[in-house]
Amino acid sequence: GMEATWLPVASENPGGTADASPDAAKLFAQHKLTLAERARTVAHVCRSGTLCTVSEKGGGGAAGGELRTPFGSHVDFVLDERGRPVFLVARNAEHTGNLARDKRSSIFLQPRSESGQGATRVTLLGSVEELPEKLVKEFTEAYCEEHPETAVAFEVAPEGTFQFMRLAVEQAYFVAGFGVNATYIDVDKYQTAQPDPLAFDAPGLVAAMNREGFAGVDLAVLCRVYCGIPHDDLLGVKVMAMDRLGFDLRVRLRGSVTREYRVGFREEVATAFDAQSALTKAFQEAWEAENAQEGVAAWTAQGSRPVLMYYSGSKSPATHVDASEKAAN
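I will try to describe carefully the structure that is included in this document. Just so we're clear, the structure is a prediction, and the values are computed from it rather than from any experiment.

## Examining the overall build of the protein chain
Here is step 1 of the chain: Within the protein chain one finds eleven helices and eleven strands.
Here is step 2 of the chain: The buried share of the protein chain, reckoned over its 329 residues, is 47%.
Here is step 3 of the chain: In the protein chain, the proportion of contacts linking residues at least 24 apart, taken out of those at least 6 apart, comes to 67%.
Here is step 4 of the chain: A total accessible area of about 16,000 Å² is found for the protein chain, and carbon and sulfur atoms account for 51% of it.

## Observations concerning the pairing of strand E1 (residues 48–55)
Here is step 1 of the chain: Where burial is concerned, most of E1 is hidden: six out of the eight residues are buried.
Here is step 2 of the chain: Two strands pair when backbone bridges link them, and E1 and strand E2 (residues 69–79) are joined in this way by eight bridges, in the antiparallel orientation. Bridged to serine 48 within E2 is aspartate 76.
Here is step 3 of the chain: As defined by bridge partners, E1 adjoins strand E4 (residues 104–109) across three bridges and the pair is classed as antiparallel. In the sheet register, threonine 50 faces E4, and the bridge partner there is phenylalanine 108.

## Quick look at the sheet that holds strand E10 (residues 257–264)
Here is step 1 of the chain: Taking strand neighbours across the sheet as the criterion, the four strands line up as E8-E9-E10-E11 in an open arrangement whose pairing is antiparallel. The open sheet has two edge strands with one neighbour each: strand E8 (234–243) and strand E11 (307–313). Looking at each pair of strands side by side, their axes are set apart by 20° on average, direction ignored.
Here is step 2 of the chain: Pairing of E10 with E11, which is carried by six bridges, proceeds in the antiparallel orientation. Residue pairing for E11: valine 263 is matched across the bridge by valine 307.
Here is step 3 of the chain: Its contacts with the sheet put helix H8 (residues 219–226) on E8, strand E9 (246–253), E10 and E11, and the angle it makes with E8 is roughly 95°.

## Observations regarding the pattern of salt bridges
Here is step 1 of the chain: For the coordinates displayed, the defined rule picks out 19 salt bridges.
Here is step 2 of the chain: Note that glutamate 37 and arginine 244 form a salt bridge whose closest N and O atoms lie 3.0 Å from each other. Pair noted here: glutamate 37 is in helix H2 (residues 35–45) and arginine 244 is in the loop between E8 and E9, with a separation of 207 residues, a long-range link.
Here is step 3 of the chain: With relative accessibility at 16%, the residue glutamate 37 sits in the buried group.
Here is step 4 of the chain: Each of the salt bridges in this network shares a partner with another, and the network as a whole consists of Glu56, Arg68, Arg101, Asp102 and Arg104.

## Quick word on the nonpolar core
Here is step 1 of the chain: Within the largest apolar cluster, 35 residues are counted, with the highest numbers of intra-cluster contacts made by Tyr226, Met242, Phe247, Leu279 and Phe283.
Here is step 2 of the chain: Contributions of two or more residues to this core are made by helix H7 (202–212), H8, E8, E9, E10, helix H9 (272–290) and E11.
Here is step 3 of the chain: A total of seven residues in this core trace back to one element, the largest contributor, which is H8.

## A closer look at the side chain of histidine 147
Here is step 1 of the chain: Along the chain, histidine 147 falls in the loop between helix H4 (133–146) and helix H5 (149–156).
Here is step 2 of the chain: Overall, histidine 147 belongs to the buried group, its relative accessible area being 5%.
Here is step 3 of the chain: Of the polar contacts made by the side chain of histidine 147, one reaches the backbone oxygen of phenylalanine 77; its length is 3.0 Å.
Here is step 4 of the chain: For histidine 147, the residues in contact, after removing those within four places along its chain, are Arg47, Asp76, Phe77 and Val78.

## Focus on H8
Here is step 1 of the chain: With respect to burial, H8 is a largely interior element, seven of its eight residues being buried.
Here is step 2 of the chain: Regarding H8, the residues found buried are Leu219, Ala220, Val221, Leu222, Cys223, Val225 and Tyr226.
Here is step 3 of the chain: Packing partners of the buried residues in H8 comprise H7, E8, E9, E10, H9 and E11.
Here is step 4 of the chain: At the N-terminal end of H8, a side-chain oxygen is found 2.8 Å from the backbone nitrogen of alanine 220, two or three residues along, and the residue is aspartate 218.
Here is step 5 of the chain: Glycine 228, located one to two residues past H8, shows a positive phi value of around 65°.

## Digging into the packing of aromatic side chains
Here is step 1 of the chain: Under the definition given, this model contains seven aromatic pairs.
Here is step 2 of the chain: Aromatic side chains tyrosine 173 and tyrosine 184 sit 4.8 Å apart centroid to centroid with 65° between the ring planes, which places their arrangement in the edge-to-face category. Here tyrosine 173, found in strand E6 (residues 162–175), pairs with tyrosine 184, found in strand E7 (residues 182–185); they are eleven residues apart in sequence, far enough to count as distant.
Here is step 3 of the chain: Seen in terms of ring centroids, phenylalanine 214 and phenylalanine 283 are 5.9 Å apart; in terms of plane orientation they differ by 45°. Their pairing is tilted. Placement of phenylalanine 214 in the loop between H7 and H8 and of phenylalanine 283 in helix H9 is noted, with a sequence separation of 69 residues between them.
Here is step 4 of the chain: A network of ring pairs unites the aromatic residues Tyr143, Phe154, Phe162 and Phe164 as a single cluster.
Here is step 5 of the chain: Positioned above the aromatic ring of tyrosine 190 is the side chain of arginine 40, whose terminal nitrogen or guanidinium carbon lies 5.8 Å from the ring centre.

## Considerations on the environment of serine 106
Here is step 1 of the chain: Tracing the sequence through the fold places serine 106 in strand E4.
Here is step 2 of the chain: Of the residues examined, serine 106 reaches a relative accessible area of 13% and is grouped as buried.
Here is step 3 of the chain: Put simply, serine 106 and proline 70 are 36 residues apart on the chain and 9.8 Å apart in space, counted from C-alpha to C-alpha.
Here is step 4 of the chain: Not counting residues up to four positions away in its chain, the partners in contact with serine 106 are Thr50, Leu51, Cys52, Thr123, Leu124 and Leu125.

Cut-off values and rules
Residues numbered from 1 in each chain as written. Predicted model: local features only at pLDDT ≥ 70, side-chain atom pairs only at ≥ 80, totals over all residues. Heavy atoms only, no water. Helix = DSSP H or I, 4+ residues; strand = E, 2+ residues; numbered from the N terminus. Buried < 20%, exposed > 50% of the residue type's maximum accessible area, 1.4 Å probe, protein only. Contact = heavy atoms within 4.5 Å. Areas by Shrake-Rupley, 256 points an atom, 1.4 Å probe, with all protein chains shown as cover. Pairing = 2+ DSSP bridges. Axes fitted to C-alpha atoms, helices over the stretch in contact; angles between N-to-C directions. Salt bridge = Lys/Arg side-chain N within 4 Å of Asp/Glu carboxyl O. Core = buried A, V, L, I, M, F, W, Y, C linked by side-chain atoms within 4.5 Å. Polar contact = N/O pair within 3.5 Å; in protein donor to acceptor, adjacent residues only side chain to side chain. Phe/Tyr/Trp six-rings, centres within 6.5 Å; stacked < 30°, edge-to-face > 60°. Lys NZ or Arg CZ within 6 Å of the ring centre and 35° of its normal.

By themselves, these figures tell us nothing about what the structure is for.
Written out as structure tokens, the structure is:
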């Protein structure tokens, strides 16, 4: 295969190691989003979530006190500039009564384009506060633009029926999918991170690659060329995610081995058109290399394509913090 950059894996599996060297940190920072950026992207894509408040319903406790239990309910929301969900509540709603007694709450967010344990998701925890009066007009417009049915409710409901609330985020818990990162992240980094510009376009491109490869080239070609995996050892490959810096491959090998790789773009992309161009180049480059085409000299003249192995395990991936996060953060 072509020359690639290899980094040892960090995992909970025996023998897992992490490369925390400055060189490793630099490579990961260049070619893989931080967990804070990924969490902020999930929140950016979502338009609704599950609000968990503290309910006092449910009967008496052991000492005759009230039993306090989590109460989950649906909320639509928009984000402010620091990634804090702003949502509308009816004054007579159950969760509104719960918040009047206890401001502590959390919101669970998972994109509609994903489902099951393989989905990325984030839980934001903190205290709910009334949205400052000076911001109500601005967020009424933003909220009605994102959730048009709300404008009708405002017109027919008596004044004072609804109020805007905001979750002051104190903690953020991010899960990257089944068997990968699941960890609390730095809340300041979450609030200052920018969502990935491909947030809304990536799911469609990932699905297309998993159906038929890209530009007429099969995913297995990438595994052989970029990852150096012999054809006979490869049992399966799936694109797990894509963003402005590249895309992730989960590869299954003989011997119940699972590996995950980041295939980096040579340049950052900012639009769906740029992403399609970068993917075409990545797949075309691999095909030309495998088939010893003359055009490959033009690719190698640009230096080796960044390919980072950040997970390897002898079973299904166990929950772990991968080398990218230990190195970059």
